[in-house]
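Inside the fold
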Amino acid sequence: MSSAVSPAPRTVLVTGATSGIGWETARLLAGRGDTVVLHAPDRASGEDAVARLAAAGADAGRLDLTVADFSRLDEVRAMAAHVADRHPVLDVLVNNAAVAAPERRTLTADGNELAFQVNFLAAYLLTHELAGPLGARPGSRVVNVSSSMHRTASIAWNDPQRAKRYSRLAAYAQSQLALTVFARAEASWTSVSVHPGVCDTALLPMYAHEGETAADGAARVVRLCDPVTELVPGAYYDRTAVSPAAPVAMEDRTVRRLCRLADQLVAKSA
């Protein structure tokens, strides 16, 4: 009679974990026995999310709340320092936090177009700031929750803030393309991006009138977090299958150019 070896509990950080796919991802990971660090934009929504997870059966002792408004890059840096102090080993980072681009072009306090900063620059900065914990144990992975809309996008290299021509769909798609490209940047961990499907979340109006449940999308994200799932480094997954990303996202030159741009933009806020 053989006994199954249960996987060692891991520590996973999920951004945008107060609702939608992020909350469901945290719920599923907590159900596996992982320590889940939940990111919330403010303490009230974070405490509410933790309470709902505990009510859903999660072990409250394995839930840790961290707060940062991603429209402020100084708060992203402070959050990274807080997480690194409490969790010197981080097995998985799920870059899930996202907002729909507003109807009217909106700049953050750092001077960046809102969707580009919250959906991409904050994830870029957070990932780099957590390089120590992510590199502390072999096999760590970063999962960027992206979108099929990256295929319709272009990065406005000379006007990433979309000052000359703004459209909310173009701005949102640009942020998703950047997140998809970022998964191909070289690092000491495995990074991928995933389109979890069109789901019934706050972002649904950007896509359609109806979608699958947030839990359906979260299950696809959690699958990529699972060490049993072999990942193709830098790959783009459409739901559960590796899929060709937009041609521009596959160009090494685009990866280098995007990282240079992101470095310049986050340095301005330092």
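These numbers come from a predicted model, not from an experiment.

**Observations concerning the overall build of the protein chain**
Of the regular secondary structure elements, the protein chain holds 8 helices and 8 strands. Taken over C-alpha atoms, the radius of gyration comes to 17 Å for the protein chain, in line with the 18 Å a tight globule of 270 residues would show. By its C-alpha atoms, the protein chain is 65 × 40 × 40 Å across when sized along the principal axes. A total of 270 residues make up the protein chain; the buried ones form 53% of that total. For the protein chain, the proportion of contacts with a sequence separation of at least 24, taken over those separated by at least 6, is 74%. Treating the 27 positive side-chain charges of the protein chain as one cloud and the 28 negative ones as another, the clouds have centres 6 Å apart.

**Overview of empty space enclosed by the protein**
Evaluated as defined, the whole model comprises 1 cavity of 30 Å³ or more. Considered as a void within the structure, the largest cavity measures approximately 40 Å³ in volume. Taken together, Thr15, Phe70, Asn95, Asn96, Ala97, Val118, Asn119, Ala122 and Ala123 make up the lining of the largest cavity. At 4 residues, the largest contribution of residues to the lining of the largest cavity is made by helix α4 (residues 114-129). Residue composition of the lining of the largest cavity, by class: 5 nonpolar, 4 polar and no charged.

**Thoughts on the environment of Thr201**
Among the structural elements, Thr201 can be located in the loop between β6 (190-195) and α7 (214-225). Along the primary structure Thr201 and Asp226 are separated by 25 residues, whereas in three dimensions their C-alpha atoms are 23 Å apart. Those residues within four positions of Thr201 in sequence are excluded, and the remaining contacts are Gly20, Ile21 and Ala214.

**Quick notes on the packing of α4 against helix α6 (residues 168-182)**
Running from N to C, α4 and α6 point in directions that differ by 20°, and their axes come no closer than 7 Å. One finds that α4 runs roughly parallel with respect to α6. As for the relative orientation of α4 and α6, their crossing is left-handed in sense. Along the contact surface, α4 presents Ala115, Phe116, Asn119, Phe120, Ala123, Tyr124, Thr127 and His128, while α6 presents Ala171, Tyr172, Gln174, Ser175, Gln176, Ala178, Leu179 and Phe182.

**Brief notes about the pattern of salt bridges**
Applying the stated rule across the entire model yields 11 salt bridges. With a shortest N-O distance of 3.0 Å, Asp34 and Arg10 are connected by a salt bridge. Here Asp34 is found in the loop between α1 (20-31) and β2 (35-40), whereas its partner Arg10 is found in the segment before β1 (11-14), with 24 residues between them in sequence. Of the two residues examined, Asp34 and Arg10, each falls in the buried class. Through salt bridges with shared partners, a single network forms among Arg72, Asp74 and Glu75.

Cut-off values and rules
Each chain carries its own residue numbering, running from 1 in the written order of its sequence. Only residues with pLDDT of at least 70 get local features here, since the model is predicted, and only at 80 or more are side-chain atom pairs given and counted; chain-wide, interface and lining totals rely on the full set of residues. Values reported for side chains reflect all heavy atoms of the structure, with hydrogen atoms and water molecules removed beforehand. Labels follow the DSSP assignment, with helices taken as runs of H or I lasting at least four residues and strands as runs of E lasting at least two, numbered in each case from the N terminus. Radius of gyration: C-alpha atoms only; globule rule: 2.2 Å multiplied by the number of residues to the exponent 0.38. To sort residues, take the accessible area from a 1.4 Å probe on protein chains only and compare it with the maximum for the residue type: under 20% means buried, over 50% means exposed, and anything in between is partly exposed. Two residues form a contact once any of their heavy atoms are found within 4.5 Å. When charges are tallied, Lys and Arg are placed among the positive residues and Asp and Glu among the negative ones, while His and the ends of the chain are skipped. Every charge is mapped onto a representative atom, which is NZ of Lys, CZ of Arg, CG of Asp or CD of Glu. The definitions used throughout rest on a 1 Å grid laid over the protein atoms alone, on which a cavity is an enclosed set of points accommodating a 1.4 Å probe that cannot get out and a pocket is an open set flanked by protein within 12 Å on both sides along at least five of seven lines; lining residues are those having an atom within 4 Å of a point. Grid points are joined across faces, edges and corners, and a volume is the space filled by probe spheres set on the points. Ten residue types, Ala, Val, Leu, Ile, Met, Phe, Trp, Tyr, Cys and Pro, are classed as nonpolar, four, Asp, Glu, Lys and Arg, as charged, and the remainder, Gly among them, as polar. Here, axes are lines fitted to C-alpha atoms. For helices the fit covers the stretch in contact, and angles between N-to-C directions go from 0 to 180 degrees. By the definition adopted for this analysis, an angle is roughly parallel if under 35 degrees, roughly antiparallel if over 145, roughly perpendicular if from 65 to 115, and oblique otherwise. Crossings are sorted by hand: turned counterclockwise from the far helix by less than a right angle, the near helix makes the crossing left-handed, and turned clockwise it makes it right-handed. Salt bridge, as used here, is a side-chain nitrogen of Lys or Arg placed within 4 Å of a carboxyl oxygen of Asp or Glu.

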